[in-house]
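Each chain, letter by letter, is given below.
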Amino acid sequence: MFIVNMRINPVINFQINKNYFRPSFSNNLLLGQNHKIMDSFEKTPCLDNYPLTKKYGLNLDDIEIKSINPISINRKQKAIFVEKLLEAHELAKKNVETGNIVQLGFASNLCLSDNTWHLATNFNNTRNDVSSICGERSAIIVAYNDFLKQLIKNDDNLLKQDDFKIKYLAMSSAKNIGEDSNASAPCADCLSWLNTTRFLDDETKIIFFTKDNQNNKLLLEFKTLKEILPMRGIDLIDSKADIELNEMPFVYSDDAKRILDENRLTNEDILNTLMEAKSAYNDDDFTSYSNQKIGAGIYTNGKFYKASKVDWSKRWFVEPVEFAIAKSIEDFNKYVMPEIIAYYGDNETRCESTFVDDGIVSLKTLGRIKAVDKDNESLIVTINNNDEIDVRSINDFIPKKSTFKQSYLK
């Protein structure tokens, strides 16, 4: 873990706990709208250009940079990142002050590859997910609409939709700066958006404030999407396996091995759950819109449940794992969470005549399980492209530190 302490002096030194590294200073500054290029060796950025940094009385030199991986950042970039986070914080606060129904404010300031920034907060018309959208998704929508409007304004026929690329997502909340762990933990629905690859990539960075409580220091922390979604972009499933399930070898992640041992689960439990998923897949006649058949099986409290994906329209469908969990809850007449989740199905969805590799494992579903039961350690079972039964843990998909806590649900 790198803790970078930027002390401004004529010689550029980044001091790191236990190790040292010297990042390169790029002349390609990350600048948003309304920011002019300044000398990258300017000793102290003028706070008149950063009114919120000045308002909150923050000393840029006292804000340390935290990142698992070495990053290249100059003083000007640091000043802009801090200011953009404070803009998100102010918007989130105003959202709560004006009567947000859930009394929670989250906002994101998003930077595109053209170095423009786009700010938005969460919107909650009701408490249910149909009428709610988080700050991250709001910012993506605002940025995309701004991008299209710019194309109209410039009458630029050379740019296409796929030129819309997200570089940074600066996330904050209405709570005190650096004191809200949820500010940097996207919800389940946002995780499913961030898991896509069309407008984001593994190196898209999330930026947020945290605190070093031991030393009472404010930290500017960076994480890549790959850090919060380790399985992002990995192809996990081929439902058209050439051999029978009971002839396939098992492969396990390290965390899956631990859970298998601690929870006294067996390969037979895993195989039977996967067979339930395959059975649901074969029964699936309800995916005419997406043309993506998915069957799911779960194992909980000694019993197996299965369900298949159901398309309501091109946009709405019933996620099979959630359907299977609902069956188990109804059966036990209490909230129960799965110990094993198995998927069997098709990677691709059909959009008109185009097939899109959307994957089979639903980050939205896994995120909701973790949000309600943060200690859940379900095993996630798929078939990989080597015709192996691939056993991983829910933590492999969504690490505990990335889990959004749905405090208003309880």
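Structure's up top.
Keep in mind it's a predicted model, so treat the numbers as computed, not measured.

Rules and cut-offs
- Here the residue numbers are simple positions, counted from 1 along each chain's written sequence.
- Where local features are concerned, this predicted model is filtered to residues with pLDDT of at least 70; where side-chain atom pairs are given and counted, the filter is 80 or more; whole-chain, interface and lining totals use all residues.
- The basis for every side-chain value is the complete set of non-hydrogen atoms in the structure, without hydrogens or water.
- Ring pairs shown here join Phe, Tyr and Trp side chains whose ring centres sit within 6.5 Å, with only the six-membered ring taken for Trp; geometry is labelled stacked below 30 degrees between planes, edge-to-face above 60, and tilted in between.
- The helix and strand labels rest on DSSP assignments: H or I over at least four residues marks a helix, E over at least two residues marks a strand, and numbering proceeds from the N terminus.
- Remark: exposure states derive from per-residue accessible area (1.4 Å probe, protein chains only) relative to the maximum for the residue type, with buried under 20%, exposed over 50%, and partly exposed in between.
- The rule for a charge over a ring is simple: NZ of Lys or CZ of Arg within 6 Å of the ring centre, and within 35 degrees of the ring normal.
- In the cavity and pocket records, a cavity denotes points on a 1 Å grid over the protein atoms alone where a 1.4 Å probe fits but cannot get out, a pocket denotes an open set with protein on both sides within 12 Å along at least 5 of 7 lines, and lining residues are residues with an atom within 4 Å of a point.
- Grid points are joined across faces, edges and corners, and a volume is the space filled by probe spheres set on the points.
- Lys, Arg, Asp and Glu make up the charged group, whereas Ala, Val, Leu, Ile, Met, Phe, Trp, Tyr, Cys and Pro make up the nonpolar group; the residues left over, Gly among them, are polar.
- To estimate the expected span of a helix, count its residues, drop one, and scale the result by 1.5 Å.
- By definition, the arc is the one covered by directions from the helix axis to the C-beta atoms.
- Only heavy atoms enter the contact rule, under which two residues are in contact if any of them lie within 4.5 Å.
- Any N or O atom pair separated by 3.5 Å or less is treated as a polar contact, with the protein-specific requirement of one donor-capable and one acceptor-capable atom, and with residues adjacent in sequence counted only for side-chain atom pairs.
- The rule for pairing is simple: two strands pair if DSSP sees at least two bridges between them.
- All axes here are fitted lines through C-alpha atoms, helices being fitted over the stretch that makes contact, and every angle between N-to-C directions spans 0 to 180 degrees.

**Some points on the packing of aromatic side chains**
Two aromatic rings, taken as a pair, are described by how far apart their centres are and by the angle between their planes.
Point 1. Across all of its chains, the model carries twelve aromatic pairs by this definition.
Point 2. Relative to tryptophan 117, the ring of phenylalanine 81 has its centre 6.4 Å away and its plane inclined at 75°; by these criteria the two rings are edge-to-face. Residue phenylalanine 81 is found in helix 2 (residues 75-97), and its partner tryptophan 117 is found in strand 5 (residues 117-121); the two are separated by 36 residues along the sequence.
Point 3. Of the residues examined, phenylalanine 81 reaches a relative accessible area of 3% and is grouped as buried.
Point 4. With relative accessibility at 6%, the residue tryptophan 117 sits in the buried group.
Point 5. Three or more aromatic residues link up through ring pairs in this structure, and these residues are Phe81, Trp117, Tyr168 and Phe222.
Point 6. In this arrangement the basic side chain of arginine 137 is found over the ring face of tryptophan 193, its NZ or CZ atom lying 5.9 Å from the centre.

**So, empty space enclosed by the protein**
One way to see where empty space is left: roll a probe the size of a water molecule over the atoms.
Point 1. Evaluation of the coordinates by the stated rule reveals four cavities of 30 Å³ or more.
Point 2. In this structure, the largest cavity spans a volume of roughly 70 Å³.
Point 3. If you go around the largest cavity, you meet 13 residues; those closest to its centre are Ser172, Ser173, Gly178, Ala183 and Phe209.
Point 4. Elements represented by at least two residues in the lining of the largest cavity include exactly helix 2 and strand 8 (166-173).
Point 5. Counting residues per element, the lining of the largest cavity draws most heavily on strand 8, which supplies three residues.
Point 6. Across the lining of the largest cavity, the residue classes break down as five nonpolar, five polar and three charged.

**Regarding helix 8 (residues 320-332)**
Note that an α-helix has 3.6 residues per turn; residues three or four places apart therefore point the same way.
Point 1. Between the first and last C-alpha of helix 8 there are 19 Å, a value that for 13 residues agrees with the 18 Å anticipated at 1.5 Å per step.
Point 2. Residues Pro320, Val321, Ala324, Ile325 and Ser328 constitute the buried set of helix 8. End-on view of helix 8: buried residues confined to an arc of 140°, all on one side of the axis.
Point 3. The elements touched by buried residues of helix 8 are strand 12 (294-300), strand 13 (303-308), strand 15 (317-318), strand 16 (340-345) and helix 9 (363-372).
Point 4. Capping the start of helix 8 is the job of one residue whose side-chain oxygen sits 2.9 Å from the backbone nitrogen of valine 321: glutamate 319.
Point 5. Phi for asparagine 333, located one or two positions after helix 8, is positive at around 60°.

**Side note on the sheet that holds strand 16**
Point 1. Read across the open sheet, the six strands follow the order 11-20-19-16-12-13; overall the sheet is mixed. Whereas interior strands pair on both sides, the edge strands pair on one side only; in this sheet they are strand 11 (250-252) and strand 13. Across the sheet, the mean angle from the axis of one strand to that of its neighbour is 20°, orientation sign disregarded.
Point 2. Taken strand by strand, helix 8 contacts strand 12, strand 13 and strand 16, and its axis lies near 140° from that of strand 13.

**Looking at the environment of arginine 392**
Point 1. Tracing the chain through its elements places arginine 392 in strand 20 (residues 389-393).
Point 2. For arginine 392, a relative accessible area of 22% puts it in the partly exposed group.
Point 3. For the pair arginine 392 and aspartate 254, spaced 138 residues apart in sequence, the C-alpha separation works out to 8.0 Å.
Point 4. A polar contact is formed between the side chain of arginine 392 and the side chain of aspartate 390, at a distance of 2.8 Å.

**A short note on helix 9**
Point 1. The buried count for helix 9 comes to seven of ten residues, which makes it a mostly enclosed element.
Point 2. Among the residues making up helix 9, those that are buried are Leu363, Thr365, Leu366, Gly367, Ile369, Lys370 and Ala371.
Point 3. Next to the buried residues of helix 9 lie helix 4 (188-194), helix 8, strand 16, strand 19 (379-383) and helix 10 (394-397).

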